[in-house]
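Here's the letter readout for the chains.
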Amino acid sequence: MTKPSDRLFAQPTFAKRAEAGVFWLLRAATYFVLLCAAVIFLDIGVKGGAVIFQTKAPFINTTFLTESPETLNVFELNGAKRQMGDRDFRVFKAEHADEMKDVRVETYVYSAGGIFPNIVGTVLLVVGSMTIALVLGVISAIYLSEYATDGPFIRFLRLAIVNLAGVPSIVYGLFGFGLFVIGLNMGVSLLAGWLTLAFMVLPIIITASEEALRAVPKGYREGSLALGATKLQTIFTNVLPYALPGILTSSVLSIARVAGETAPIMFTAAFVVRDEMPWQVKHAIDFVFQGVMALPYHIYVVASKIPQNDYTRDVQYGTAFVFLFTVAAIAATSVVLRVRLRKKYKW
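Residues numbered from 1 in each chain as written. Predicted model: local features only at pLDDT ≥ 70, side-chain atom pairs only at ≥ 80, totals over all residues. Heavy atoms only, no water.

### Quick look at helix H13 (residues 310–344)
- If you check H13, its first and last C-alpha atoms are 51 Å apart, about what 35 residues at 1.5 Å a residue would give, namely 51 Å.
- For H13, the N-terminal capping position is held by Asn309, with its side-chain oxygen 2.8 Å away from the main-chain nitrogen of Tyr311. (Helix = DSSP H or I, 4+ residues; strand = E, 2+ residues; numbered from the N terminus. Expected span 1.5 Å × (residues − 1). Polar contact = N/O pair within 3.5 Å; in protein donor to acceptor, adjacent residues only side chain to side chain.)

Following this line, the structure appears as structure tokens:
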């Protein structure tokens, strides 16, 4: 026989039903987001992989990965349809001048060659801006965590930093264009792009680094100070090493944002086409005062600024595939470093 108390606990209350409904709603929303992301990545992986990988040796499209973008020329000669990049087409046209007189040639910009300068430019932008952001961010976090006295000004400073993390990237692009490109006369250059991107991710790195520093137990500081070390020595020997895994976690998130942003670099650092590679400069100092090509800006141009056709479609998917792989490779480096530091510094 069922007791009245058993029936009371067996039937779910309205609050429990509502909680279960919210739980399933949150689960469904999470799975929906993951499903959308999986479909997008799968689409890029399949169609982009078909551009990068080949069935014949060397099984990788080395032309796409090692050459610069150029115009594709499509024409029909002696009953055969031919496709040539601009450089090869000029040579072919000079050698077959008589045959090419009445041949109709269709041209498609940025649909031949490769994206090697874009890969180099993206890596340079990520490495340079993250170096600047980490140095400035960690110094600011050390000040806020270890030296600053809590008060209205410091609380206002922390609130301002948190709010800056939500500013749209286009605003940072206009800020960098006004301050670095025009105000400080840097021009469209690597240096202007580095500083703009660094300022964009600085709030994230400062906030995460400060939390990582605070998570280090106070006993580590007190033990070092009791042995006669200065506060600065304590920070560098007993606090910062243990906070590095947390700091690197924020850097992984920032790398993805820096690499994927188009708006800030289109105002400060990116060119659509550049004939020379970044290291082809007359003086070493010119390296930081030159613009570069970048993968996200290239995707933006081939996807929205030129007529769409089957040739540009392959470039779009191939570039997106390489872009995702490049960002994942850079982020994986930080993840591996973070895991090794966590194993080394435990408390």
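### Re the pattern of salt bridges
- Per the stated rule, a full pass over the model turns up 10 salt bridges.
- The partner of Asp43 in a salt bridge is Lys47, and the shortest N-O contact between them spans 3.2 Å. With Asp43 and Lys47 both in helix H2 (residues 14–52), this residue pair falls four residues apart, about one helical turn.
- Judged by relative accessible area, Lys47 falls into the partly exposed class, the value being 32%.
- The partner of Glu67 in a salt bridge is Arg87, with the nearest N and O atoms 4.0 Å apart. Here Glu67 is found in the loop between helix H3 (62–66) and strand E1 (69–77), whereas its partner Arg87 is found in helix H4 (residues 86–95), with 20 residues between them in sequence.
- When its relative accessible area of 45% is taken as the criterion, Arg87 is described as partly exposed.
- Because the salt bridges share partners, they merge into one network encompassing Glu67, Glu70 and Arg87. (Salt bridge = Lys/Arg side-chain N within 4 Å of Asp/Glu carboxyl O. Buried < 20%, exposed > 50% of the residue type's maximum accessible area, 1.4 Å probe, protein only.)

### Re the packing of aromatic side chains
- Enumeration according to the criterion identifies 11 aromatic pairs in this entry.
- Taking the centre distance of 6.2 Å and the plane angle of 50° together, the rings of Phe177 and Phe267 count as tilted. Placement of Phe177 in helix H7 (residues 169–183) and of Phe267 in helix H11 (residues 263–268) is noted, with a sequence separation of 90 residues between them.
- Given a relative accessible area of 30%, Phe177 falls into the partly exposed group.
- Relative accessible area serves as the criterion here: at 23%, Phe267 is assigned to the partly exposed category.
- Members of the aromatic cluster, joined through ring pairs, are Phe75, Phe89 and Phe92.
- Between the NZ or CZ atom of Arg27 and the centre of the ring of Trp24, over which it lies, the distance is 4.7 Å. (Phe/Tyr/Trp six-rings, centres within 6.5 Å; stacked < 30°, edge-to-face > 60°. Lys NZ or Arg CZ within 6 Å of the ring centre and 35° of its normal.)

### Regarding the sheet that holds E1
- The antiparallel open sheet is built from three strands, whose spatial order is E2-E1-E3. Two strands close off the open sheet at either side, each with one partner strand: strand E2 (80–85) and strand E3 (105–113). Put simply, the sheet's adjacent strands are angled 25° from each other on average, direction ignored.
- Pairing geometry for E1 and E3, over six bridges, is antiparallel. Note on E3: the bridge partner recorded for Val74 is Glu106. (Pairing = 2+ DSSP bridges. Axes fitted to C-alpha atoms, helices over the stretch in contact; angles between N-to-C directions.)

### Here's the deal with the environment of Leu253
- Secondary-structure assignment places Leu253 in helix H10 (residues 231–260).
- Residue classification places Leu253 among the exposed positions, given a relative accessible area of 57%.

### Notes on the packing of helix H5 (residues 116–147) against helix H12 (residues 295–304)
- One way to put it is that H5 packs onto H12 with a least axis distance of 8 Å and a crossing angle of 135°. As summarised for this structure, H5 and H12 are arranged oblique, according to the angle between their axes. Facing H5, whose interface residues are Asn118, Ile119 and Thr122, H12 presents Leu295, Pro296 and His298.
- Looking at the contact of H5 with H12 residue by residue, the classes come out as three nonpolar, three polar and no charged. (Parallel < 35°, antiparallel > 145°, perpendicular 65-115°, else oblique. Contact = heavy atoms within 4.5 Å. Nonpolar A, V, L, I, M, F, W, Y, C, P; charged D, E, K, R; others polar.)

### So, empty space enclosed by the protein
- Taken as a whole, this structure holds two cavities of 30 Å³ or more when the rule is applied.
- The volume enclosed by the largest cavity comes to roughly 50 Å³.
- Looking at the largest cavity, the residues that line it are Pro117, Gly121, Arg274, Glu276, Met277, Pro278, Gly291, Val292 and Met293.
- Split by residue class, the lining of the largest cavity holds five nonpolar, two polar and two charged.
- The volume enclosed by the second largest cavity comes to roughly 30 Å³. (1 Å grid on protein atoms, 1.4 Å probe; cavity = no way out; pocket = protein on both sides within 12 Å on 5 of 7 lines; lining within 4 Å. Points joined across faces, edges and corners; volume = space filled by probe spheres on them.)

### What about the layout of surface pockets?
- For the largest pocket, the calculated volume is near 530 Å³.
- The wall of the largest pocket is formed by 22 residues, among which Asn61, Thr63, Ser111, Ala112 and Gly113 lie closest to the centre.
- Only H3, E1, E2, H4, E3 and H13 provide two or more residues apiece to the lining of the largest pocket.
- Taken together, the residues of the lining of the largest pocket sort by class into nine nonpolar, eight polar and five charged.
- When its volume is computed, the second largest pocket comes out at roughly 200 Å³.

### A closer look at H4
- Among all positions in H4, only Asp86, Phe89 and Phe92 are buried. For H4, the angular spread of buried residues about the axis comes to 120°, placing them on one side. Along H4, the residues that are exposed and aim more than 90 degrees away from the buried face are Asp88, Arg90, Ala94 and Glu95. (Arc of directions from axis to C-beta.)

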